[in-house]
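# Residue-level structure breakdown
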Amino acid sequence: MIAYQGLMHGLRRALGDFLLIFALYAGGVTITILALRAELARGGLSAISPAAVLIALVGTTILSLGLFWLGWTTDKEQD
């Protein structure tokens, strides 16, 4: 969903709006990572490691930025 929003906001050339959506997403991922780290620090077991969540964030970031750039560089005069 975040990558799709990157493409749609790139087509509209709305960088600020996309950055707001992405910041909300990244904040949610950060809270998830911190919660997983806290659970592991208490000696609990977790099915998902904090690193796995971080890898998903990095992948989503790369895909979102790529699609945003693709949307941004689309020539609107040919539509």
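Being a predicted model, the structure only gives us computed values, none of them experimental.

### What to know about the packing of helix 1 (residues 2-12) against helix 3 (residues 50-73)
Helix-helix packing: each pair is described by the crossing angle between the helix axes and the interaxial distance. Viewed as axis vectors pointing N to C, helix 1 and helix 3 meet at an angle of 20 degrees, and their least axial separation amounts to 7 Å. Viewed along their axes, helix 1 and helix 3 adopt a mutual orientation that is roughly parallel. In this structure, helix 1 crosses over helix 3, and the sense of that crossing is right-handed. Seen from helix 1, the contacting residues are Ile2, Ala3, Gly6, Leu7, His9, Gly10 and Leu11; seen from helix 3, they are Thr60, Leu63, Ser64, Leu67, Phe68, Gly71 and Trp72. Among the residues forming the contact of helix 1 with helix 3, the class breakdown is 8 nonpolar, 6 polar and no charged.

### A short note on the packing of helix 1 against helix 2 (residues 15-41)
Following both chains from N to C, one finds helix 1 and helix 2 inclined at 170 degrees, their axes separated by 9 Å at the closest point. Overall, the two elements helix 1 and helix 2 adopt an arrangement that is roughly antiparallel. Residue-level inspection shows Ile2, Gln5, Gly6 and His9 of helix 1 in contact with helix 2, the latter providing Asp17, Phe18, Ile21, Phe22 and Tyr25. Grouping the amino acids of the contact of helix 1 with helix 2 by side-chain chemistry returns 5 nonpolar, 3 polar and 1 charged.

What counts, and where the lines are drawn
- Residues numbered from 1 in each chain as written.
- Predicted model: local features only at pLDDT ≥ 70, side-chain atom pairs only at ≥ 80, totals over all residues.
- Heavy atoms only, no water.
- Axes fitted to C-alpha atoms, helices over the stretch in contact; angles between N-to-C directions.
- Helix = DSSP H or I, 4+ residues; strand = E, 2+ residues; numbered from the N terminus.
- Parallel < 35°, antiparallel > 145°, perpendicular 65-115°, else oblique.
- Left-handed = near helix turned anticlockwise from the far one by under 90°.
- Contact = heavy atoms within 4.5 Å.
- Nonpolar A, V, L, I, M, F, W, Y, C, P; charged D, E, K, R; others polar.

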